[in-house]
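Residues per chain are reported as follows:
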Amino acid sequence: MATIYVDLENGNDSNDGYSFANRKKTLASAVENATLDPGDTVRIMGSPNPTLVGNGDVVTRNSSYIFDEY
């Protein structure tokens, strides 16, 4: 089983992603350039400074999901 590391802030897509020291920058690059098998893990590093972009509720209407901001 393989583990792919992704760091959206300090990663580099030219890295292979197979160790924390060589983590990828984007999730797209991590999954496109790796051969993922069942049981493999993709670890995405959290941001130390998350930004609140708003609040909302997800409601069902006409068999589709609508995001209502408040």
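Note that the coordinates shown come from a computational prediction; the quantities given were computed from them, not determined experimentally.

Student: Any details on the pairing of strand β2 (residues 41-44)? Residues and values, ideally.
Tutor: For strand β1 (residues 3-6) and β2, the ladder comprises four bridges, and the chain directions are parallel. Bridge assignment links Thr3 to a residue of β2, and that residue is Thr41. A crossover links β1 with its parallel partner β2, the connecting element being helix α1 (residues 27-32), and its sense is right-handed.

Student: Quick rundown of a nonpolar patch on the surface? Include the residues and the values.
Tutor: On the surface, a cluster of nonpolar side chains totalling about 460 Å² of accessible area is made up of Leu8, Leu27, Val31, Leu36, Val42 and Ile44. Among the secondary structure elements, those contributing two or more residues to the nonpolar patch are α1 and β2. Tracing the sequence through the fold places Val42 in strand β2. Note on Val42: relative accessible area 31%, which makes it partly exposed.

About the criteria used
Residues numbered from 1 in each chain as written. Predicted model: local features only at pLDDT ≥ 70, side-chain atom pairs only at ≥ 80, totals over all residues. Heavy atoms only, no water. Pairing = 2+ DSSP bridges. Helix = DSSP H or I, 4+ residues; strand = E, 2+ residues; numbered from the N terminus. Right-handed = clockwise from strand over helix to strand, strands pointing away. Patch = residues over 30% accessible without salt bridge, like charges linked within 9 Å, V, L, I, M, F, W, Y side chains within 5 Å. Areas by Shrake-Rupley, 256 points an atom, 1.4 Å probe, with all protein chains shown as cover. Salt bridge = Lys/Arg side-chain N within 4 Å of Asp/Glu carboxyl O. Buried < 20%, exposed > 50% of the residue type's maximum accessible area, 1.4 Å probe, protein only.

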